[in-house]
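Close look at the chain arrangement
Here are the chains, one letter per residue:
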Amino acid sequence: MIRRPPRSTQSRSSAASDVYKRQEETKTDKINSLLKHMHSLYPTHTYATKLKLCFGTMLAYIDNLISKPSEVKFRRINMQNLNFRERVGDMMGPIAMFEEVGFIQESGGFLQLVRYDYDHLMALKECLQYELYVLELPSKK
């Protein structure tokens, strides 16, 4: 007699929900890992102003994509733009975060969004909002 493994007590929708939660955690984990690496390169006590400017600029790009997903102009970032270079491009980490949410680097110095994933963009938005919130807190001395 062949024995079958016991059936899962979870319903299919519950199992699918668990998979979705793990995917969400993975998206946020990757972004948090990149943020942690940035903080190791740019300690808050020394680079707070630079980090605020960087995260604020990134948040503006992500907000535009989320609020107007059909606008083509928000799906492409000119990395040669002076403001972008000064605020974001000169730091190590932000480009990798943009790539994590679906951008690729193109020749000519552009980042192009090739995969629009609302959930992934929202995960980055929430992480950046949290980072800005923490940077605004008074420092404990």
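One can find the structure itself at the top, above this paragraph.
What comes next is a walk through the structure. All values reported here derive from a predicted model rather than from experimental measurement.

**Quick word on the packing of aromatic side chains**
- Per the counting criterion, the structure on display carries five aromatic pairs.
- Seen in terms of ring centroids, Y42 and Y47 are 5.3 Å apart; in terms of plane orientation they differ by 85°. Their pairing is edge-to-face.
- An aromatic cluster is defined as three or more aromatic residues linked by ring pairs; in this entry it consists of Y61, F84, F98 and F103.
- The cationic tip of R76 hangs over the ring face of F110; the distance from NZ or CZ to the ring centre is 3.9 Å.

**Thoughts on the packing of helix α2 (residues 44–67) against helix α5 (residues 118–136)**
- Put simply, α2 and α5 touch, their axes get as near as 9 Å, and they point 150° apart. Looking at the two axes, α2 sits roughly antiparallel to α5. Our pair here, α2 against α5, has a crossing hand that is left-handed. Contact residues: α2 offers T44, A48, L51, K52, F55, G56, M58, L59, I62, D63, L65 and I66, while α5 offers Y118, L121, M122, L124, K125, L128, Q129, E131, L132, L135 and E136.
- Residue composition of the contact of α2 with α5, grouped by class: 15 nonpolar, three polar and five charged.

**Looking at the side chain of H120**
- Relative to the assigned elements, H120 resides in helix α5.
- On the basis of relative accessible area, H120 is assigned to the buried category, the value being 6%.
- Apart from residues lying up to four places away in sequence, H120 is in contact with K27, I31, E100, V101 and R115.

**Observations concerning the sheet that holds strand β2 (residues 103–106)**
- Reading across the sheet, the three strands line up as β1-β3-β2 and stay open at both edges, with antiparallel pairing between neighbours. The two strands at the open ends of the sheet, each matched to only one other strand, are β1 (76–78) and β2. Across this sheet, the average inter-strand angle for adjacent strands is 25°, counted without regard to direction.
- As judged from the four bridges shared by β2 and strand β3 (residues 110–113), these two strands associate in the antiparallel manner.

**Some points on the nonpolar core**
- Ranked by size, the top nonpolar core spans 33 residues in total, and within it I31, F55, M58, F84, F98, F103 and L111 carry the most contacts.
- Every element with two or more residues in this core is listed here: α1 (12–41), α2, α3 (82–89), α4 (94–100), β3 and α5.
- Not counting chain neighbours up to four residues away, the residues in contact with F98 comprise M58, Y61, I62, I77, F84, V88, F103 and L111.

**Regarding the pairing of β3**
- Direction of pairing for β1 relative to β3: antiparallel, over a ladder of three bridges. Note on β3: the bridge partner recorded for R76 is Q112.
- Connecting β2 to the antiparallel partner β3 that follows it, the hairpin turn spans three residues, and G108 within it adopts a positive phi of roughly 90°.

**Some remarks on the packing of α2 against α3**
- Contact pair α2 / α3: the axes reach a minimum separation of 8 Å and the direction vectors enclose 120°. Considering their axes alone, α2 and α3 lie oblique with respect to each other. Residues K50, L53, C54, T57, M58 and Y61 of α2 lie in contact with α3, whose contacting residues are F84, E86, R87 and V88.
- Here the contact of α2 with α3 is built from residues that sort into six nonpolar, one polar and three charged.

**Focus: the pattern of salt bridges**
- One pass over the full model with this rule turns up three salt bridges.
- Of the charged contacts in the structure, one is a salt bridge between E106 and R76, with a shortest N-O distance of 3.5 Å. Highlighted residues: E106 in strand β2 and R76 in strand β1, separated in sequence by 30 residues.
- Classification of E106 as partly exposed rests on a relative accessible area of 30%.
- Residue class for R76 comes out partly exposed when judged on its relative accessible area of 39%.

Procedures and definitions
- Residues numbered from 1 in each chain as written.
- Predicted model: local features only at pLDDT ≥ 70, side-chain atom pairs only at ≥ 80, totals over all residues.
- Heavy atoms only, no water.
- Phe/Tyr/Trp six-rings, centres within 6.5 Å; stacked < 30°, edge-to-face > 60°.
- Lys NZ or Arg CZ within 6 Å of the ring centre and 35° of its normal.
- Axes fitted to C-alpha atoms, helices over the stretch in contact; angles between N-to-C directions.
- Helix = DSSP H or I, 4+ residues; strand = E, 2+ residues; numbered from the N terminus.
- Parallel < 35°, antiparallel > 145°, perpendicular 65-115°, else oblique.
- Left-handed = near helix turned anticlockwise from the far one by under 90°.
- Contact = heavy atoms within 4.5 Å.
- Nonpolar A, V, L, I, M, F, W, Y, C, P; charged D, E, K, R; others polar.
- Buried < 20%, exposed > 50% of the residue type's maximum accessible area, 1.4 Å probe, protein only.
- Pairing = 2+ DSSP bridges.
- Core = buried A, V, L, I, M, F, W, Y, C linked by side-chain atoms within 4.5 Å.
- Salt bridge = Lys/Arg side-chain N within 4 Å of Asp/Glu carboxyl O.

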